[in-house]
Amino acid sequence: MAHHQKKKNKLSNEKPIPTSWPNLPQPLIKLIVAQPNLMQNITSFGCVTKTWRSPSKKCGRSNRWPRLVEITAKERVEHLDNTRSHICAIKFHAVDPYPYWSRMRKEYMPISYCPGIYFKGHSQGHLVVMAANMSDCYLWEPSNRHTYTYLPVWNPNLDFKLCTWSSPPKYRGGCSMMVLTGSSSPAFAFHRFQREKDDGERGWIMEDCNIKERYDDEGKNMQFSNAIGFEGKFYALSLQGSVVVIEEVGSCFRVTGVGGNRAVPSKVSRQFREFLVECDGEILVVFLVSKKWIDVVDDVEVFRLDVGELLWVKMEGIGDRALFVEDECCMGVDANKVGCRKNSVYFTHHGVENWWVFDMGTANISPLQEPVMWDQAILELE
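Please read all numbers here as calculations on a predicted model, not as lab measurements. (Residues numbered from 1 in each chain as written. Predicted model: local features only at pLDDT ≥ 70, side-chain atom pairs only at ≥ 80, totals over all residues. Heavy atoms only, no water.)

(A) Region of the structure containing the overall build of the protein chain. The number of helices and strands found in the protein chain is 3 helices and 28 strands. For the protein chain, the residues scored as buried account for 52% of the 382 residues in total. Carbon and sulfur atoms make up 48% of the accessible area of the protein chain, which totals about 18,700 Å². (Helix = DSSP H or I, 4+ residues; strand = E, 2+ residues; numbered from the N terminus. Buried < 20%, exposed > 50% of the residue type's maximum accessible area, 1.4 Å probe, protein only. Areas by Shrake-Rupley, 256 points an atom, 1.4 Å probe, with all protein chains shown as cover.)

(B) Just the sheet that holds strand β25 (residues 329-334), in detail. Pairing is mixed across the open sheet formed by 6 strands, whose spatial order is β2-β25-β24-β26-β27-β28. A single partner strand is all that each edge strand has here, and the edge strands are β2 (42-44) and β28 (364-367). Looking at each pair of strands side by side, their axes are set apart by 25° on average, direction ignored. Two elements, strand β27 (residues 356-359) and β28, share 4 bridges in a ladder whose sense is antiparallel. (Pairing = 2+ DSSP bridges. Axes fitted to C-alpha atoms, helices over the stretch in contact; angles between N-to-C directions.)

(C) View of the nonpolar core. Core analysis: the largest hydrophobic core is formed by 30 residues, its most contacted members being Trp-21, Leu-24, Ile-32, Phe-324, Met-331 and Cys-340. Among the elements that make up this core, the one with the highest residue count is helix α1 (residues 26-34) (4 residues). Discounting residues that sit within four places of it in the chain, Ile-32 has contacts with Leu-24, Leu-38, Met-39, Ile-90, Phe-92 and Met-331. If you look at the next biggest cluster of nonpolar residues, it comprises 21 residues, including Val-286, Met-315, Val-345 and Trp-356. (Core = buried A, V, L, I, M, F, W, Y, C linked by side-chain atoms within 4.5 Å. Contact = heavy atoms within 4.5 Å.)

(D) Here's a closer look at the packing of aromatic side chains. Using the criterion set out here, one finds 18 aromatic pairs in the structure. Aromatic side chains Phe-324 and Tyr-346 sit 4.5 Å apart centroid to centroid with 15° between the ring planes, which places their arrangement in the stacked category. With Phe-324 in strand β24 (residues 321-326) and Tyr-346 in strand β26 (residues 344-347), this pair connects stretches of sequence that are 22 residues apart. Residues Phe-324 and Tyr-346 agree in their burial class; the two are buried. Taking the centre distance of 5.9 Å and the plane angle of 65° together, the rings of Phe-324 and Trp-355 count as edge-to-face. Here Phe-324, found in strand β24, pairs with Trp-355, found in the loop between β26 and β27; they are 31 residues apart in sequence, far enough to count as distant. Assigned by exposure class, Phe-324 and Trp-355 land together as buried. Members of the aromatic cluster, each reached through a chain of ring pairs, are Phe-188, Phe-190, Phe-224, Phe-234 and Phe-253. (Phe/Tyr/Trp six-rings, centres within 6.5 Å; stacked < 30°, edge-to-face > 60°.)

(E) How the structure looks around empty space enclosed by the protein. Tallied over the entire structure, the rule returns 3 cavities of 30 Å³ or more. What the largest cavity holds in volume is close to 70 Å³. What lines the largest cavity is Thr-43, Ser-44, Phe-45, Gly-46, His-122, Ser-123, Leu-162, Cys-163, Thr-164, Asn-226, Ala-227 and Ile-228. Among the elements of the structure, β2, β8 (118-123), β12 (162-165) and β16 (224-230) are those that each provide at least two residues to the lining of the largest cavity. Its residues assigned to classes, the lining of the largest cavity comprises 5 nonpolar, 7 polar and no charged. (1 Å grid on protein atoms, 1.4 Å probe; cavity = no way out; pocket = protein on both sides within 12 Å on 5 of 7 lines; lining within 4 Å. Points joined across faces, edges and corners; volume = space filled by probe spheres on them. Nonpolar A, V, L, I, M, F, W, Y, C, P; charged D, E, K, R; others polar.)

(F) View of the pattern of salt bridges. Scanning the model with the defined rule gives 11 salt bridges in all. Put simply, Glu-70 and Lys-161 hold a salt bridge, and the shortest N to O gap is 2.8 Å. On the criterion of sequence distance, the pair formed by Glu-70 in strand β4 (residues 67-70) and Lys-161 in the loop between β11 (148-150) and β12 is long-range, its members being 91 residues apart. Glu-70 sits in the partly exposed class, given a relative accessible area of 34%. Across the pair Glu-207 and Arg-254 runs a salt bridge whose closest N-O atoms are separated by 3.4 Å. Remark: Arg-254 occurs in strand β19 (residues 252-258) and Glu-207 occurs in strand β15 (residues 205-207); sequence separation between them is 47 residues. Classification of Glu-207 as buried rests on a relative accessible area of 16%. According to the relative accessible area criterion, Arg-254 is partly exposed, its value standing at 39%. Taken together, the salt bridges that share partners define one network made up of Glu-282, Arg-304 and Arg-321. (Salt bridge = Lys/Arg side-chain N within 4 Å of Asp/Glu carboxyl O.)

(G) Main features of the pairing of strand β22 (residues 299-306). With respect to burial, β22 is a largely interior element, 6 of its 8 residues being buried. With 6 bridges connecting them, strand β21 (residues 282-290) and β22 associate as antiparallel partners. Within the sheet, the bridge partner assigned to Leu-288 lies in β22 and is Val-300. Sheet analysis places β22 next to strand β23 (residues 311-314), joined by 4 bridges and oriented antiparallel. Paired with Arg-304 across the bridge in β23 is Val-313. Hairpin connection, β22 to β23: the antiparallel pair is bridged by 4 residues, and Leu-310 has positive phi, about 55°.

(H) Molecular detail of unusual backbone geometry. In this model, Trp-21 is joined to Pro-22 through a cis peptide bond whose omega is -5°. Note that Pro-22 resides in the loop between β1 (19-21) and α1. Here the residue pair Ser-185 and Pro-186 is connected by a cis peptide bond, since its omega of -10° sits within 30 degrees of zero. Its place among the elements puts Pro-186 in the loop between β13 (176-180) and β14 (188-192). Even without being a glycine, Ala-363 presents a positive backbone phi close to 60°.

(I) Summary view of the sheet that holds β4. One open sheet holds the 6 strands; their spatial order is β4-β3-β20-β21-β22-β23, and the pairing between them is antiparallel. Of all the strands in the sheet, just β4 and β23 have a single pairing partner and so form its edges. Across this sheet, the average inter-strand angle for adjacent strands is 35°, counted without regard to direction.

Rendered as structure tokens:
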């Protein structure tokens, strides 16, 4: 069942209001406050919106899919640098670092400090944030007010599309960070974490991509629009839907594998939104498909990456899991433990606060108006 969402009216002379992150249903945010380890379930930083273009007339081949281009919704362009400032919507509390005062006060101290205002990536309970000058970068753990690390200074003239890391950054050793620029030269920027405290002075390692895009009739090199880290490696999706594996070989980062099929919805549509999510040890790609109108999501598809064969396999269901996907946050949960519908995908439409739910069993889309039993959830997620 299709649904429509209303667009927000904005006044051009209004000062942009910082965006609350994460934009999740309030009952779920309350659960995260009570159980901060749920932050580990947020494994991606939002979506990429794509639309189809007719194949080039020069190619003379009618059996090829149209090529894809990325589009940016007007709702997302709110700052001079096409970047929205953020505030953390999760009001975590941390114990006073001085035990004596903690005992005397018998209360928790609210977290009040974030080292940056632009949020650029999230995984494994950590956020990458950027200062207003678009060059100072930090790795921040929102649930611990004193835990942030300096990252190398970023060149503000180079696009910082999104970032992810190869493994949980908590223990640093063996963990690397990758930034996508959206171009092919440089296509990636990498940073290796040291085992000791990282002072951010090692700099970024820039790498080009010289691999031809098999789904582009113009023969261009791959450009990457989405990525996720998984078990020490990076998995990146190109603009045309090719998946590649990137890992450290010796002292360099190299593409070591290219997928055998394309990450796209089953049918050509007006446009679709693409989300990469890790959930229960699997890499999933979620497509919110708009077949007729860009303001209507009328189908949802989920594919699983067969990591060994590098093939995308369509899923008919996700079992007891539920996925929450929106522009700047993706999260997978055990539905039975947080009190929401299982085998379902929850989503919003470009920052609109209203949530919708797609039931993978019935293929039905409905507004989230049910009295779900969030407050009685079983919090056994240690």
